[in-house]
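The chain contents come next:
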Amino acid sequence: MAGNPVAQTAYGPMVLAAVEHHEPPGQRLVDDDLATPFLPAGMRWLVAATRPAPLRRWFIAAVDRSGPGLWVNLTCRKRFIADRVDEATEDVDAVVILGAGLDTLAYRLARQSPIPVFEVDQPVNVARKAATVRRVLGELPLSVRLVALDFERDDVLTTLVEHGYQTSFRSFFVWEGVTQYLTESAVRTTLAGLRPAASGSRLVFTYVQRDFIDGTNLYGSPTLYRRMVNKLWHFGLQPAEVADFLAEYGWRLIEQAGPEQFLQRYVEPTGRNLGASDLEWSVYAEKL
């Protein structure tokens, strides 16, 4: 795992979600009680250290120094996804999480619904997830299936079918924090692979703006650019082209959520003084 830098990025968003859980219930941007238990011991220690509010504020500010507003984006995208999944649970037959990492959505869903959830990721992350679930929960919930694949080479639906998925399912596909790590060819291949998805299926995914990837707009985040772009991040979109991009693969854009939406829906009701970044957006779409 140490030799796989992309696999290592699975930890970061979960650390943020775990730290957020120290906020009082009415002030949390995302509410995930499994985030801390799913982390390795060393990271659980780090999260515990942020329990006092002053240290937590310092930690949030430190994250935002690498990319102003990214704390809000990375936590609120999880809230946005969870809200969309909750709204659609009665209308879909399965949930498919593409690039699941250490995300806990499948296990929070398993508490309240028997809907099948397929967690898809590269083999190293699937192995790590299986070990984590055994440690935290004792066993994999009956509704959850772990699926290993390579997004650059494997066909998504073919691999899912091998694990019990049915193409007739109206599915909710979650693709969080993944597209920027792929080549454009892999992003397009994945969407092409979802063409057989049943009408009424849903898709939520996140993307980084292309002008950040090509270096023409750093969004106040030069450190993040130097650390990630061309080393780990390769793909981006622009908000104005998302609808047409999705339409190529049979999807209708329902909504895009960026900094304005996140601040109005999630931050302002908490009374917290936080900014959001225009660097990353979240998209919600429906299969025609």
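These figures come from a predicted structure and were not determined experimentally.

**Q** Would you mind going over the packing of aromatic side chains with me for this structure?
**A** Note on aromatic pairs: each is described by the distance of the centres and the angle between the planes. The final tally for this structure, using the stated rule, is 16 aromatic pairs. Geometrically, the ring pair formed by tyrosine 165 and phenylalanine 169 is edge-to-face, given 5.4 Å between the ring centres and 90° between the ring planes. Taken individually, tyrosine 165 and phenylalanine 169 each receive the classification buried, so the pair is uniform in this respect. One residue, arginine 84, lies across the ring of phenylalanine 80, its end atom 4.8 Å from the ring centre.

**Q** For this particular structure, what's the right way to read the pattern of salt bridges?
**A** Side chains that differ in sign of charge can pair as their charged atoms come close. Overall, the coordinates contain 21 salt bridges when judged by the stated rule. Where aspartate 150 meets arginine 153, a salt bridge forms, and the shortest distance between an N and an O atom there is 2.9 Å. For arginine 153, a relative accessible area of 70% translates into the label exposed. The closest approach of N and O atoms between glutamate 286 and arginine 252, which form a salt bridge, is 2.7 Å. Of this pair, glutamate 286 sits in strand E7 (residues 280-287) while arginine 252 sits in strand E6 (residues 251-257), and the two are 34 residues apart along the sequence. Relative accessible area serves as the criterion here: at 38%, arginine 252 is assigned to the partly exposed category. Where salt bridges share partners, they join Glu20, Glu23, Arg56, Arg57 and Arg272 into one cluster.

**Q** It is not clear to me how the sheet that holds strand E4 (residues 171-175) should be interpreted in this structure. Could you clarify?
**A** Within a sheet, neighbouring strands are paired by backbone hydrogen bonds and run either parallel or antiparallel to one another. In space, the 7 strands of this open sheet follow the order E3-E2-E1-E4-E5-E7-E6, with mixed pairing throughout. Among the strands making up the open sheet, the edge pair consists of strand E3 (144-148) and E6. Geometrically, the sheet is characterised by an average inter-axis angle of 20° between neighbouring strands, direction not taken into account. With 7 bridges connecting them, strand E5 (residues 202-208) and E7 associate as antiparallel partners. Along E7, the bridge assignment pairs phenylalanine 205 with valine 283. Helix H7 (residues 123-137) contacts strand E2 (117-121) and E3 of the sheet and is inclined by roughly 150° relative to E3.

Reading guide: rules and limits
Residues numbered from 1 in each chain as written. Predicted model: local features only at pLDDT ≥ 70, side-chain atom pairs only at ≥ 80, totals over all residues. Heavy atoms only, no water. Phe/Tyr/Trp six-rings, centres within 6.5 Å; stacked < 30°, edge-to-face > 60°. Buried < 20%, exposed > 50% of the residue type's maximum accessible area, 1.4 Å probe, protein only. Lys NZ or Arg CZ within 6 Å of the ring centre and 35° of its normal. Salt bridge = Lys/Arg side-chain N within 4 Å of Asp/Glu carboxyl O. Helix = DSSP H or I, 4+ residues; strand = E, 2+ residues; numbered from the N terminus. Pairing = 2+ DSSP bridges. Axes fitted to C-alpha atoms, helices over the stretch in contact; angles between N-to-C directions. Contact = heavy atoms within 4.5 Å.

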